[in-house]
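# Chains, contacts and geometry: an overview
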Amino acid sequence: MSSPVLTSALAESAPSGTFSPAGGLRILTVRAINMLAPSVKEFVLAPADGHRLASYAPGSHLVVSGPGKASAYSLTDDGAAPDAYRISVLRCSQAGLSGWLHDAVGIGDMLTVAGPRSSFRPDLSARHHLLVAAGIGITPILSHLRAARRWGRSTTVFYGHSADTAPHLDTVRGLAKADLVEAVGRKQITEKLPEVLAGQPFGTVAYACGPAGFLQAYTRLGRELGWPEQRLRQEHFNAPELEAGEPFTVTLARSGRRFLVPAGTSLLDVLDTQGVEVPRMCRKGVCGQCYVGIAAGAAVHRDLILSAAERDSNRGLYCCVSRGVGDTLALDL
Amino acid sequence: MPADHTVIPPATSLPRWTASPPELDLSGVRYSVVAIGSAAEAVADQWTGALTKTGKQVHILKFAGTVPAEEVTRRLEVHAQGQLNGWRLAMAGPEATVLSAAAAVRQVGGLHCELTLHATDLGTVRVYCPHCRSTTLTQSSPGAVIGCSGCGRELRIRPHLSRRLAGYLGSDIHAEELA
């Protein structure tokens, strides 16, 4: 790869390497690439011109874009005054962004990124923190663990991994020491996770990241053990496959224009077709670029960003995945 | 300064106690039901009945009305620290004691949704003095003027309650006078 992938929004807004507050688009240079596990590469990203990087909350992610696609990757440091942004990328498929990052990106290349963004930050009022990871889900958990060690927070770590691939295992062992519960393979994970969840002191907040099935088990177990939802935080790294959804009509409140959004077509695609520009990157409800304010009406939220309370407030939606109901939805556009 | 002390918009931090005790949230697995004073016992019995019927583990704690609020608070803080996640607290008693004990439970990580509180008596309030940071227990209510037990200032009890400090805000009625 020789030149950065530029989007039109980027070309207008963010010159390379300028200090930008969290959230903007910018270009970073790949300073180093480290092989962490057979299919996991760490990319160390830094501004080409030596400008400072914004600090981030533990558990934040960076949205990285490549040719025609974008994905969110967790930052693995504690986030305080970072000298670089480090992400660990598991190679998932040839076609996806991870395949492109693994095969086509080398040291010195430039990447377009957005963020860091956080929807998975530590709750500083918690008395104890339970960090729960399975597989490559260790990446935001490592960030939490590093921050917990830096600030002296009481922490237990659960790390479920396979016998042959366990990214960051040595680092996690070194940091967590006696506070680590390791589970090797599916059987041990199934056995040990309920024990760990059942034994946490009152006032614990748990943070989990892993495959969808693992997160479902974690949420179900937590509920069965009487944990309120606020104590069961989670970060998805795979956006789930979404249903086509019901057709609906959307109104643009400022211009009064109305469009039909058929089943299987996203609101973002319809806005594109009609020449209404909305910034976007990931197109799967993860990166947070395509937020649009709601002027009126009901929405079906399908993103992985908004909390239950934010959904209830009905102030806005991510138009790449979320939809309207009937003909009620009016957008602040 | 207007003569009356009506707050606009209306003060939202004031507790909204209901006449009958609130229903318990049944999503927990272990419960402690706390009754402070004789008026709270019937409430605690009602809660305990609802919990045992649904097969929840219930621990009952009863305090005589003569036990000081500080003692109840200290005991509940220790009790909460010994619990595991999945625990809920349901507590009835005089407002000042209930708020003080609930603040201690929040301090050890308790969430709003894990606490069910009911006041059986509103006679005594705790008033926090931001000038000297002491708290005065008084038979009074928001709007009244009392003497601070710490610094002796004349404090007006403002219609503002801090859940964390378990006290109403008091402020020096002479604070804005020219020296």
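Now for a description of the structure that goes with this document. Keep in mind that this is a model prediction, so the values were computed, not measured. (Residues numbered from 1 in each chain as written. Chains lettered and ligands numbered in written order. Predicted model: local features only at pLDDT ≥ 70, side-chain atom pairs only at ≥ 80, totals over all residues. Heavy atoms only, no water.)

Right, let's get into unusual backbone geometry. Cis geometry marks the peptide bond from Gly115(A) to Pro116(A), where omega comes out at 5°. Considering the arrangement of structural elements, one finds Pro116(A) in strand β6 (residues 110-117). In this model, Ala81(A) sits at a positive phi of 40°, which is unusual for a non-glycine residue. Position of Ala81(A) among the secondary structure elements: in the loop between β4 (69-74) and β5 (85-90). Positive phi is not limited to glycine here, since Arg133(B) has a value of about 65°. (Helix = DSSP H or I, 4+ residues; strand = E, 2+ residues; numbered from the N terminus.)

Opposite the 18 residues of chain B that make contact, chain A presents 17 residues. Both sides together, the interface formed by chain B and chain A hides about 1,300 Å², and carbon and sulfur atoms give 53% of it. Contact with chain A buries surface across chain B, with Leu84(B), Asn85(B) and Leu111(B) losing the most and accounting together for 41% of the total. There are one salt bridge connecting chain B and chain A. With its nearest N and O atoms 2.6 Å apart, the salt bridge here joins Glu114(B) to Arg231(A). At the junction of chain B with chain A, the criterion picks out eight residue pairs in polar contact (both at pLDDT 80 or more). The set of elements that each furnish at least two residues to the side of chain B that touches chain A consists of α2 (69-81) and β3 (87-94) of chain B. Considered class by class, the residues forming the side of chain B that touches chain A number eight nonpolar, eight polar and two charged. (Contact = heavy atoms within 4.5 Å. Buried area = accessible area lost by both parts, 1.4 Å probe. Salt bridge = Lys/Arg side-chain N within 4 Å of Asp/Glu carboxyl O. Polar contact = N/O pair within 3.5 Å; in protein donor to acceptor, adjacent residues only side chain to side chain. Nonpolar A, V, L, I, M, F, W, Y, C, P; charged D, E, K, R; others polar.)

We now examine helix α3 (residues 138-151) of chain A. Residues and elements named next belong to chain A. For α3, which comprises 14 residues, the first-to-last C-alpha distance of 20 Å matches the rise-based estimate of 20 Å (1.5 Å per residue) to within 8%. Burial within α3 is extensive, with 10 of its 14 residues counted as buried. Where α3 is concerned, the buried positions are Ile138, Thr139, Pro140, Ile141, Leu142, Ser143, His144, Leu145, Ala147 and Ala148. Backbone geometry just after α3 places Gly152 at a positive phi near 70°. (Expected span 1.5 Å × (residues − 1). Buried < 20%, exposed > 50% of the residue type's maximum accessible area, 1.4 Å probe, protein only.)

Following the criterion strictly, the structure yields 22 salt bridges over all chains and no others. Measuring nitrogen to oxygen at the nearest pair gives 2.8 Å for the salt bridge that ties Glu182(A) to Arg173(A). Arg173(A) gets classed as partly exposed once you look at its relative accessible area, which sits at 41%. For the salt bridge of Lys62(B) with Asp45(B), the shortest nitrogen-to-oxygen distance reads 3.8 Å. Residue Lys62(B) is found in strand β2 (residues 57-63), and its partner Asp45(B) is found in helix α1 (residues 41-53); the two are separated by 17 residues along the sequence. Using a relative accessible area of 45% as the deciding quantity, one classes Lys62(B) as partly exposed.

Moving on, we come to the nonpolar core. Residue and element names in this part refer to chain A. Counting residues in hydrophobic clusters, the biggest one holds 23 residues, and the most contacted among them are Val250, Leu267, Leu271, Leu317, Cys319, Leu329 and Leu331. Contributions of two or more residues to this core are made by β12 (248-252), β13 (258-261), α7 (267-273), β14 (291-296) and β16 (316-318). The element that contributes the greatest number of residues to this core is α7, accounting for four residues. The contact partners of Cys319, leaving out residues within four places of it in the chain, are Ser266, Leu267, Leu268, Leu271, Val278, Cys290 and Val292. Within the second largest apolar cluster, 20 residues are counted, among which are Leu28, Leu62, Val89 and Val105. (Core = buried A, V, L, I, M, F, W, Y, C linked by side-chain atoms within 4.5 Å.)

What follows is about the sheet that holds strand β8 (residues 154-162) of chain B. The strands that make up a sheet are held in pairs by hydrogen bonds between backbone atoms, and each pair lies either parallel or antiparallel. All names here are of chain B. The five strands lie next to each other as β6-β5-β9-β8-β7, forming an open sheet whose pairing is mixed. Every interior strand has two partners, whereas the edge strands, β6 (135-138) and β7 (145-147), have only one. Each neighbouring strand pair of the sheet contributes to a mean axis angle of 45°, computed without reference to strand direction. Sheet analysis places β8 next to strand β9 (residues 167-172), joined by five bridges and oriented antiparallel. (Pairing = 2+ DSSP bridges. Axes fitted to C-alpha atoms, helices over the stretch in contact; angles between N-to-C directions.)

Turning next to the pairing of strand β1 (residues 25-37) of chain A. All names here are of chain A. With five bridges connecting them, β1 and β6 associate as antiparallel partners. When the bridges of β6 are listed, Ile27 appears paired with Thr112. Two strands pair when backbone bridges link them, and β1 and strand β2 (residues 40-46) are joined in this way by seven bridges, in the antiparallel orientation. Looking at β2, one finds that Met35 is bridged to Lys41.

Residue and element names in this part refer to chain A. The sheet built from five strands is open, its strands ordered β9-β8-β7-β10-β11 with parallel pairing. The sheet is open, and its two edges are formed by β9 (180-184) and β11 (232-236), each paired on a single side. On average, each strand axis in the sheet is inclined to that of its neighbour by 15°, with strand direction left out of account. Across six bridges, the pairing between strand β7 (residues 128-134) and strand β8 (residues 155-161) is parallel. The residue bridging Ala133 from the neighbouring strand is Tyr159, located in β8. Where helix α5 (residues 185-198) meets the sheet, it contacts β7, β8 and β9, and its direction lies at approximately 150° from that of β9.

That is the geometry; function is a separate question.
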